[in-house]
Amino acid sequence: MNEPRLLEANGLTLHFGAIPALVDVDAQLWPGEVLAIVGESGSGKTTLLNVLAGRIRPDSGVVQYRAPDGEMLDVHAMPAPALRGLHRSDWGFVQQNPRENLRMGVSAGGNVGERLMARGERHYGDIRAEALRWLAEVEIDADRIDDLPRVFSGGMLQRLQIARTLVTHPRLVFMDEPTGGLDVSVQARLLDLIRSLVARLGIAVVLVTHDIAVARLLAARIMVMQRGRVVETGLTDQVLDDPQHPYTQLLVSSVLAA
Amino acid sequence: MTSEIGGYNFAYLDEQTKRMIRRALLKAVAIPGHQVPFGSREMPLPYGWGTGGIQVTAAVLGADDVLKVIDQGADDTTNAVSIRRFFARTAGVATTTRTAEATVIQTRHRIPEQPLREDQILVYQVPMPEPMAKLEPSRAETRRMHGLSDYGLMHVKLYEDIARFGQISISYDYPVMVNGRYLMSPSPIPAFDNPKMHQMAALQLFGAGREKRIYAIPPYTDVRSLDFEDHPFRAIRAPHPCGLCGAEDSYLDEVVTDNAGGRLFVCSDTDHCAERRACGHVGDDGVAEAAE
Ligand SMILES: Nc1ncnc2c1ncn2[C@@H]1O[C@H](COP(=O)(O)OP(=O)(O)O)[C@@H](O)[C@H]1O
Ligand SMILES: [Mg+2]
């Protein structure tokens, strides 16, 4: 792992009042790698994801991102327009609730095309062709392109959010419980889709999930969080097959019990 | 009449308020297309009657100015007449209906057909200054989008139009980019008028009273209507000549002429039409009218 890192965080600490949401957290991500952040509800996973993505500023600590030209950018020190620029094309963010990301009053095609237009693409025919291509990638029928997301099922909404996010070919995507709240069968299909897209496109992903099975399926590496601290980190299979920390052991065994 | 307004300052507003508005105007001119907040005052007219435009006019008007006021292109509508009378009384300025004679033109819904000059100022009455208000209800968010020149959302609206109707269906208040930087609402003028804003010799000032915003386009500034490469902006007009003056390049109003459904297309810019007729231009219905 001497390859240059895509994302690197050191000493992240963040308190919400008296609550230590993050305590001295380090994290590394390599290009094309899927890293899972697991832990029970309230352990600080979403907070860490938001701090890594520059959406919440930590009390202390540094997050650095390697730009395509090799320069290491300090995510929390860069000017707002530059950060917005990253979020618009080089990065993506997939929310648990797709309604928070999608524009529910805009057609599926418009939702997928927005990032292209935000990036400056001004050819309607090209934007529409690209939207069609991405709807096909996420297994949404071409004849739904002008439909409003309102009429889509939960699984379709999540697939539409993924198409909307990936259309600019981001190098790094943050995902917060992307399969949470979906039926088991719908979840399985979505997980397959995410796995194949991410692998084929070589996208690096930071994936937050409370579901150990999801982490095992998607992520090569895993970080286990408890009360704002990283208690164990390593290759997913190793950590889950042979957990060292008592909290990880508890997490794994509660899955086995379920 | 004069005694009624005896207590008022020149052009109704007090000097301090006018200075405050002028400061906002200077800032607006310095940042073309950018909405500048200002402390909009209560005016003796209800919102929707152009209180923003009136305050801007009051702040730029001098004793030697000649004022023209138009509403839907016409000088003789209630709104235009009352604003013109308001300034005739409170500022004692000369007024005119002729575009060429005016130094300040306050307008709602139109830009005069006759090209404006460097020594003229065009003041627009603006009901809603934020071009993305219907798409993004949060003021904080639209301010951020302007700050970062992040206008993908406005293009999404155009995309949706083409997907649904086969073309961009905005016929009024068609959004423009000013000086390649700020997205701006041109106020509810027809899209037909948009090209007139581009590189206009006159100073263009915009006042929104209820929303408390002022913005401006300095003379000779680039103003481009948003579009797509494969769906370029087109200024649409009804495919008829003016019935009265025969003009084939002016914006037309459709007028119902009788109970039998008779219709007439006439110039919406009444001064333009009158000037043309005075020069001997006659439309098909103009002849009939003269013969009656
Ligand atoms: N905006 C906030 N204000 C106050 N407390 C917060 C806020 N966001 C998260 N927290 C608290 O921080 C802790 C970590 O929350 P979160 O990162 O959402 O955990 P997770 O995603 O693992 O469920 C929790 O105790 C939560 O209540
Ligand atoms: Mg969470």
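In the block above lies the structure referred to throughout.
What you see as residue numbers is a count from 1 along each chain, following the sequence as written. The order in which chains are written sets their letters, starting at A; the order in which ligands are written sets their numbers, starting at 1. For a predicted model such as this one, the threshold for reporting local features is a pLDDT of at least 70, and the threshold for listing and counting side-chain atom pairs is 80 or more; totals across whole chains, interfaces and linings nevertheless cover every residue. Values shown for side chains rest on all heavy atoms present in the structure; no hydrogens or waters enter the calculation.

Now for the site of ligand 1. Residue and element names in this part refer to chain A. Around ligand 1 lies a shell formed by Phe 16, Ile 19, Ala 21, Glu 40, Ser 41, Gly 42, Ser 43, Gly 44, Lys 45, Thr 46 and Thr 47. Take Gly 42: an N or O atom from its main chain is 2.7 Å from an oxygen atom of ligand 1. Whenever a nitrogen or oxygen atom comes within 3.5 Å of another N or O atom, the pair is scored as a polar contact, on the condition that within protein one atom can donate a hydrogen and the other can accept it, and that pairs from neighbouring residues in sequence are kept only if both atoms are in side chains. In this structure, Gly 44 approaches ligand 1 through a main-chain N or O atom, which is 3.0 Å from an oxygen atom. Computed with a 1.4 Å probe, the accessible areas rest on the Shrake-Rupley method; for each residue, only the protein chains presented here act as cover. In isolation ligand 1 offers 560 Å² of accessible surface; the protein chains occlude 58% of this area. The helix and strand labels rest on DSSP assignments: H or I over at least four residues marks a helix, E over at least two residues marks a strand, and numbering proceeds from the N terminus. Of all the secondary structure elements, the ones that give two or more residues to the shell around ligand 1 are strand S2 (19–29) and helix H1 (45–52). Counting residues per element, the shell around ligand 1 draws most heavily on H1, which supplies three residues. Among the residues making up the shell around ligand 1, the classes are represented as three nonpolar, six polar and two charged. Proximity is defined per residue: if any heavy atom of the residue lies within 4 Å of a molecule or strand, that residue is considered near it. Amino acids outside the nonpolar list (Ala, Val, Leu, Ile, Met, Phe, Trp, Tyr, Cys, Pro) and the charged list (Asp, Glu, Lys, Arg) are all regarded as polar, and Gly is one of them.

A separate point is helix H3 (residues 108–118) of chain A. For H3(A), the tally of buried residues reaches 11 of 11 residues, placing the bulk of the element in the interior. When a residue's accessible area, from a 1.4 Å probe over protein chains only, is under 20% of the maximum for its type it is buried; when over 50% it is exposed; and in between it is partly exposed. Within H3(A), burial applies to A:Ala108, A:Gly109, A:Gly110, A:Asn111, A:Val112, A:Gly113, A:Glu114, A:Arg115, A:Leu116, A:Met117 and A:Ala118.

This brings us to the sheet that holds strand S10 (residues 223–225) of chain B. Residues and elements named next belong to chain B. DSSP bridges decide pairing: two strands pair if at least two such bridges lie between them. Pairing in this open sheet of three strands is antiparallel, and the strands run S7-S6-S10 from one edge to the other. Either end of the sheet is taken by a strand with one partner, and the two such strands are strand S7 (182–184) and S10. Between one strand axis and the next, the sheet turns through 30 degrees on average, direction left out of account. Alignment of strand S6 (residues 176–178) against S7, held across three bridges, turns out to be antiparallel. Note that in S7 the partner of Val 178 across the bridge is Tyr 182. Helix axes use the C-alpha atoms of the stretch in contact, all axes being lines fitted to C-alpha atoms, and the angles between their N-to-C directions lie in the range 0 to 180 degrees.

Our focus in this paragraph is the interface of chain B and chain A. Residue contacts are counted whenever heavy atoms from the two residues lie within 4.5 Å of one another. Counting residues at the interface gives 19 residues for chain B, matched by 21 residues for chain A. Buried area counts how much accessible surface, traced with a 1.4 Å probe, disappears from two parts once they are put together, with both parts' losses summed. Both faces combined, the contact of chain B with chain A buries some 1,800 Å², and carbon together with sulfur accounts for 57% of it. What makes a salt bridge here is a side-chain nitrogen of Lys or Arg within 4 Å of a carboxyl oxygen of Asp or Glu, nothing more. On inspection of chain B and its partner chain A, the count reaches three salt bridges. The salt bridge involving B:Asp150 is made with A:Arg84; its shortest N-O contact spans 2.7 Å. Where chain B meets chain A, there are 11 residue pairs in polar contact (both at pLDDT 80 or more). Among the elements of the structure, helix H4 (139–147) and helix H5 (152–165) of chain B are those that each provide at least two residues to the side of chain B that touches chain A.

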